[in-house]
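Given next are the chains, with one letter for each unit.
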Amino acid sequence: MAFREYKIGARMFGLALGGSMCITLLLPAFDFASVSSTDVALDKAFTAGHETAFNLEDPFLLGWNKPLKITLKADPKTGQPMAAKEVYVYQTGTTFPAGILHPRILGKGVEELSVQQGKIGEAQKGAGAVFALAKGSFQGAEISYVENLTATKGWTPAVVMSVAKDEDVSHAGAGKTMFVREGCWWCHTLLPEQTQDWQVFGAPPMLGDFNGESPTAFGSDRKAPDLLHVGSRNSSREWMMLHFFNPRLVQPHSIMPRFDYLWGDKDASGQKIDFDKWRAEYIQYRDGARVTPPEVPAYSKNSEIRYLIDYMMSLK
Amino acid sequence: MLKYLFAKNEDIPEGSSAVYWGFSSIVWFVIGTGLGSFNAAKLAFPDFVTGNEFFAFGHMRQVHVHAVIFGWISMAFGMAMMYITPALGNTKLWSEKLGLWNATLWNVGLSLGLVLLWAGVSSGREYSDFPWVIDLYIALFMAVPLCINVWMTVINRRTQGIYTTNWFFASAVFMVAIVFLTGNLPEFFHLTGLTEAYLTWWFAHNVLGLWITPVAAAIAYYTIPKVTGNPLYSHRIGHLHFWSVVVFYSTPAAHHLMSAPLPEWLKSFASVEGVLILVPAIAFVSNILLTMTGKWHMFVENLEIRFTITGVLMAIPLNMQGGFQQTRAINWYIHGTGWIVAHAHLALLGFSTFLEAAAVYLGLQMILKRKLYSLTLGNIHFWLLLIGFTTYWVSMTIAGLIQGAGKIYEVPYIDVVIAEHPYMIARWLGGTMVFTGNVLWLYNMWMTARQGTVIPVGRMPHELAYER
Ligand code: HEM
């Protein structure tokens, strides 16, 4: 009895579904592929590194395999002071972002300049590399491209790290991993809308702001302020610290969860953090039995919360 | 059931796999709605169970969503396919053994995936949150075996034509495999940027549009004629429904990203196609309601019909919302607000769940050949679901409108949070009713299997009077 009588139907079905997939997948793919990276996209992609969500190099989303963003204040070779310059340090073995592995992702213009003048093709994972954004001109227009400073100036990751102080180091890349893992994007968006929204939350992103980013983690469900530009609204690390430990310390009506577990076991001075005591004292404070809330422990410099706050500060 | 996993196919009693799928789905329903109610409590009272990452909202939300979509809804679909596909082909299921293994692989894979999500191991992409290893597993060990079983049963049928329900089943199991493999390309091949963002919503849209909606509708095409004894009102309208699903439902993925910087043509195209989803929706609803002609008393008297028709009636507001909320004129107001959460639950907890619940009620009674243990418990289940869902939907819709107003009038965010608080509590209460109803349901079905009155050979469950 087979399918004989359904031959036409089966073909029509193939045609309908295939046609639909052509229109909704193939055509947009051409459009997306023709978009060049903006400065925002380059900065985001090089800060966050290759992949931020689940991948084999960081299967438990602990912030492994991530670059560091360093604000250089002295020339790493000579030690002479210089105007602050932001560089992205990929230490030995750190996977490069998609734009280095497949330069065409950078888009027209950016690709050519980055390969020819920026020498990104010479970057090697085994040796690590230091990248920065540079300005160049392509067909008469001034655009940013990526420069491999290890190839052009001989600044290796080790040399750059040797002059960087801890306050110049941003772990924003690993911080984005925390952002994805902790599900911040179920409440916050990273996408001011193209409506009145932007008057409060800042400019909506543009078409070229995403090249090389994965995942984009826009968020679809907003129960809390948009965070795309939160670092320019609020750049106080202290406020962030209190707010993450317990949002109700600074905003009594907040429904944001506490993220005190991101502090780890030890505080900045290496003391064990007594969470039970803190919570008990906080309850006394909340119920009016104490005048001041308990002190929030300072986070250690390699704690997950430090990474997360670095990431918040990078959202300008 | 598990003892049959290594039995010969011929030795496995007919319907075993359907029973296994059916009970699994109810258990997932209880777990999934329990998690939902827990999440709702956290949004109402943020310090309820705090300071532990495993009970943080950001770790639990996606576990709820995936437990209900892939545990409850999809396994109820599996159950429906295991008994409806052969019944409509006047034949046996191609392989009971494959069916049993499929359900086992499904339970194992899903549990593993949910534990990973719970621990925060996520792809960071909404609805395709599972890491790509799990996505591959789902496509190859969950969707493909189901696809093979359904297709082989349809091919080996002993009827001339293929009935409407089976067109939908056969095409949906095929499409869901394609959707899983295509929608997760960004994870398999590390596609980035807008391609990743867009494919995330291409996946999300099509999993709803080419899997959940058509299979749920297909179930109603079976249950209503079967229980009322009326033939389907129109085979032609069924055709219209089927083809318009394939053409109009598979194309508007970009309407989920109306406020994102996608190419304008893509958004406009998606928006027009989105309104056209009203074609299959109207075809479906009218076809089912007209099939009821002369049998409306069963809407009151019969539990399966009551569930199905309630679900079908909920498809009306659902599609009216769906068709219009994605146009630019409306989307800018409600995008990203609780309105969308209400809409999502209208689709999944309202429309879809009610149809599947009927299929599971009916199927288990038919296969086990036992009459439902207690109508009273069934009635309580129905009303807890309906009242609980309605409370959820109304409160979240209001919360969404408040958020929308806050968004465009630039109200300080915290005032929106404060204004939403009562609705968050109402949502939690509503959701907890649904959860309670499901616990009763599990008990009721368990007792049906053990103590329900035996249905004589050649009789249908609805021909017997309820006893308790
Ligand atoms: C079978 C029944 C259910 C299904 C299929 C279902 C499905 C879903 C889906 C798809 C979402 C994501 C919504 C979105 O992103 O817009 C969601 C979120 C949610 N669901 Fe359910 N749900 C069900 C039952 C429940 C119940 C009984 C509760 C209890 C209150 C509940 C509480 C929640 C909560 C609190 C969220 C998070 C919403 C938010 O982020 O604002 N769900 N559910």
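Since this is a predicted model, take the numbers as computed values, not measurements.

## Side note on a nonpolar patch on the surface
Residue and element names in this part refer to chain B.
Here is step 1 of the chain: A contiguous nonpolar surface patch, about 560 Å² in accessible area, is contributed by Trp 94, Leu 136, Leu 140, Phe 141, Val 144, Ile 148 and Leu 181.
Here is step 2 of the chain: With 5 residues, helix 4 (residues 132-155) is the largest single contributor of residues to the nonpolar patch.
Here is step 3 of the chain: On the secondary structure map, Leu 140 appears in helix 4.

## Here's the deal with the domain arrangement of chain A
Residues and elements named next belong to chain A.
Here is step 1 of the chain: Domains assigned within chain A are domain 1 (39-170) and domain 2 (178-314).
Here is step 2 of the chain: Its C-alpha centre places domain 1 at a distance of 27 Å from the equivalent point of domain 2.
Here is step 3 of the chain: Opposite the 17 residues of domain 1 that make contact, domain 2 presents 15 residues.
Here is step 4 of the chain: For the pair domain 1 and domain 2, the summed buried area comes to about 1,400 Å², and 50% of that belongs to carbon and sulfur atoms.
Here is step 5 of the chain: Where domain 1 touches domain 2, the interface holds 2 salt bridges.

## A short note on the interface of chain B and chain A
Here is step 1 of the chain: With 81 residues of chain B at the contact, the number on the chain A side is 76 residues.
Here is step 2 of the chain: Contact between chain B and chain A buries roughly 6,700 Å² in total, counting both sides, with carbon and sulfur atoms accounting for 67%.
Here is step 3 of the chain: It is B:His190, B:Pro261 and B:Tyr413 that lose the most area in chain B upon contact with chain A, and together they represent 9% of the buried surface on that side.
Here is step 4 of the chain: In this assembly, chain B and chain A are joined by 4 salt bridges.
Here is step 5 of the chain: Taking the shortest distance from any N to any O, the salt bridge between B:Asp47 and A:Arg258 comes out at 3.1 Å.
Here is step 6 of the chain: Counting across the chain B and chain A interface gives 22 residue pairs in polar contact (both at pLDDT 80 or more).
Here is step 7 of the chain: Looking at the side of chain B that touches chain A, the elements with two or more residues in it are helix 2 (57-88), helix 4, helix 5 (164-183), helix 7 (193-228), helix 8 (235-249), helix 9 (264-276), helix 15 (375-408) and helix 16 (413-451) of chain B.
Here is step 8 of the chain: Broken down by element, the side of chain B that touches chain A gets its largest block of residues, 10 residues, from helix 7 of chain B.
Here is step 9 of the chain: Of the residues belonging to the side of chain B that touches chain A, the class tally is 45 nonpolar, 25 polar and 11 charged.

## Some points on the coordination of the iron atom of the ligand
Residue and element names in this part refer to chain B.
Here is step 1 of the chain: In this structure, His 64 (NE2) and His 345 (NE2) serve as the protein donors to the iron atom of the ligand, at separations of 2.0 to 2.1 Å.
Here is step 2 of the chain: Each of the 6 donor atoms around the iron atom of the ligand contributes to a set of angles spanning 84 to 179°, which defines the coordination as octahedral. On the criterion of sequence distance, the pair formed by His 64 in helix 2 and His 345 in helix 14 (residues 338-368) is long-range, its members being 281 residues apart.

## Re the confidence of the model for chain B
Residue and element names in this part refer to chain B.
Here is step 1 of the chain: Mean pLDDT over chain B works out to 95, with 100% of the residues at or above the 70 mark.
Here is step 2 of the chain: Averaged over each element, pLDDT in chain B is lowest for helix 13 (residues 328-334) (92) and highest for helix 10 (residues 278-291) (98).
Here is step 3 of the chain: For this predicted complex, the interface confidence comes out at an ipTM of 0.95, alongside a pTM of 0.96.

Reading the values: the criteria
- Residues numbered from 1 in each chain as written.
- Chains lettered and ligands numbered in written order.
- Predicted model: local features only at pLDDT ≥ 70, side-chain atom pairs only at ≥ 80, totals over all residues.
- Heavy atoms only, no water.
- Patch = residues over 30% accessible without salt bridge, like charges linked within 9 Å, V, L, I, M, F, W, Y side chains within 5 Å.
- Areas by Shrake-Rupley, 256 points an atom, 1.4 Å probe, with all protein chains shown as cover.
- Salt bridge = Lys/Arg side-chain N within 4 Å of Asp/Glu carboxyl O.
- Helix = DSSP H or I, 4+ residues; strand = E, 2+ residues; numbered from the N terminus.
- Domains from an automatic or database assignment.
- Contact = heavy atoms within 4.5 Å.
- Buried area = accessible area lost by both parts, 1.4 Å probe.
- Polar contact = N/O pair within 3.5 Å; in protein donor to acceptor, adjacent residues only side chain to side chain.
- Nonpolar A, V, L, I, M, F, W, Y, C, P; charged D, E, K, R; others polar.
- Donors = N, O, S within 2.8 Å, 3.2 Å for Na, K, Ca; no water.
- Tetrahedral: all angles 85-135°; square planar, octahedral: opposite > 155°, others 65-115°.
- pLDDT = per-residue confidence, 0-100.

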